Amino acid sequence: MKFQSIILIAAVSLLAACGGNQKPVDISAPAAKSKTGTETGIVTEKALSSNARLPGQLKPYNEVNIFPKVNGFVKSMYVDRGTIVKKGQLLVTLEAPEMESQLQAANSRYLQAQENAVASKEKYQRLKEAAKEPGSVSPLDLDNASAKMRADEAMAKSEQSNVASVRTMQGYLNIRAPFDGMIVQRNVSPGALVSPGKGTDQPMLILQDISKLRLEVFIPEDYVDKVDLTRPVNFTYNAMPGTKQTARISRSANALGSMRSEAIEIDVENKNGNLKPGMYAEVHIPMLSGAKSLLVPNQAIVRSTEHEYVIVVKGGKAQLQDIKEGLSRNDSTEVFGNLKAGDTIVKHASDEMRQGDAVN
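Residues numbered from 1 in each chain as written. Predicted model: local features only at pLDDT ≥ 70, side-chain atom pairs only at ≥ 80, totals over all residues. Heavy atoms only, no water.

## Digging into the overall build of the protein
Logical step 1: Scanning the protein from N- to C-terminus turns up three helices and 21 strands.
Logical step 2: For the protein, the proportion of its 360 residues judged to be buried stands at 32%.
Logical step 3: Residue pairs in contact within the protein that sit at least 24 positions apart in sequence constitute 75% of those at least 6 positions apart.
Logical step 4: Counting only carbon and sulfur atoms, one obtains 51% of the accessible surface of the protein, whose full area is about 22,700 Å². (Helix = DSSP H or I, 4+ residues; strand = E, 2+ residues; numbered from the N terminus. Buried < 20%, exposed > 50% of the residue type's maximum accessible area, 1.4 Å probe, protein only. Contact = heavy atoms within 4.5 Å. Areas by Shrake-Rupley, 256 points an atom, 1.4 Å probe, with all protein chains shown as cover.)

Here is the structure:
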């Protein structure tokens, strides 16, 4: 009975509502979406970040490919990969049997020339003594003897120089280290025939000086005039993430290379030998404090396989402007291109918008 009363009251209330000004709401109909315009932003000009993060790579301070200076066969090898050597240390001994024959021949010619020079000198001295007696020796004979003596002496000196040259060539059979360092590559064994080579040929040995290393960093073209060469540089090695080091820029190329970048070098001491050539580092390059750059919101940059661009709004129309990216911040990115501070750009751009599209 009670349940029936409740139903009756509900029915009366529903009839009362229908009879009034209110109408029932159709809750199945979708809610209307508010139409808004495209969100835009502006290009801002702000001071450049205090530093730029760029990759660097360690290079040996000195490195040389060791070739022989003369043709020969490898007789003995005194070093191998990983050997620490000192300047002047004997690395390889070559043998060249024909060079010994050349030395003997040169010595023989020198001895013969020296004997001729001694004989000519003695003959001249005798004629000179005899010429003291008037009419005993003609002046012409004395002059001829003097000329022969000088010629033989000159020939003896020439042969002596030839002997010294052959001895020098023999010295080239002993190959020594040009500086302190470590042998990092060995390509020959005893018995191998070796000869003077070009830079593209395979060397006998590769020697590197790793007591000091060069940290090489390439500065992009857009930053070369903004680097502060007077301030210290901070860097961290990828293989040693917890170790931060500080040094100064030692030298710069002052020219752009094939990658449109300028190479700078930072000298790094390696007394304990923990650092290896080829290791990579993240380098924080200090920038000039007065340098300013154009910044756009990160979402305003459209990246495709062909180019990077932002969408500039001019006269209510979209214009695609190519840019190059620079340093990135949390919410903005440095850009380079045909832009100026205050330009209006689409804040949340996409590749669906085309050149000349209307921007509401």
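There's plenty left to go through after this.
## Some words on helix H3 (residues 139-171)
Logical step 1: End to end, H3 covers 49 Å across 33 residues, agreeing with the expected 48 Å (1.5 Å per residue, within 8%).
Logical step 2: Those residues of H3 that fall on the buried side of the exposure criterion are Leu142, Ala145, Ser146, Met149, Asp152, Ala156, Glu159, Val163 and Val166.
Logical step 3: On its buried face, H3 sits against helix H2 (97-130). (Expected span 1.5 Å × (residues − 1).)

## A word on the pattern of salt bridges
Logical step 1: Per the stated rule, a full pass over the model turns up eleven salt bridges.
Logical step 2: Put simply, Glu265 and Arg214 hold a salt bridge, and the shortest N to O gap is 2.8 Å. Residue Glu265 is located in strand E14 (residues 261-269), and its partner Arg214 is located in strand E10 (residues 205-220); the two are separated by 51 residues in the primary sequence. Comparing Glu265 with Arg214, the two get one shared label, buried.
Logical step 3: The structure contains a network of salt bridges with shared partners spanning Arg214, Arg251, Glu265 and Asp267. (Salt bridge = Lys/Arg side-chain N within 4 Å of Asp/Glu carboxyl O.)

## Looking at the sheet that holds strand E4 (residues 72-77)
Logical step 1: Read across the open sheet, the four strands follow the order E7-E6-E4-E9; overall the sheet is antiparallel. On the outer flanks of this sheet lie strand E7 (174-176) and strand E9 (193-194), each paired with one strand and no other.
Logical step 2: Where E4 lies against strand E6 (residues 90-95), four bridges are found, and the strand directions are antiparallel. Across the sheet, residue Phe73 finds its bridge partner in E6, namely Glu95. (Pairing = 2+ DSSP bridges.)

## Some details on unusual backbone geometry
Logical step 1: Even without a glycine there, the phi angle at Asn254 is positive, about 60°.
Logical step 2: The topology assignment puts Asn254 in strand E13 (residues 251-256).
Logical step 3: Its relative accessible area of 64% is what places Asn254 among the exposed residues.

## Details of the UniProt feature "coiled-coil region" (unreviewed entry) in the protein
Logical step 1: UniProt records the feature "coiled-coil region" (unreviewed entry) for residues 96-130 in the present numbering.
Logical step 2: In this annotation, residues 96-130 is assigned 97% helix and 0% strand; the end-to-end C-alpha distance for the span is 52 Å. (UniProt positions renumbered as here; feature names shortened; annotations may be inferred.)

## Observations concerning the environment of Met77
Logical step 1: Within the secondary structure, Met77 is located in strand E4.
Logical step 2: Sequence-wise, Met77 and Leu91 are 14 residues apart; in three dimensions their C-alpha atoms are separated by 6.4 Å.
Logical step 3: When residues no more than four places from it in sequence are discounted, the contact partners of Met77 are Leu91, Val92, Arg186, Val188, Pro190 and Leu205.

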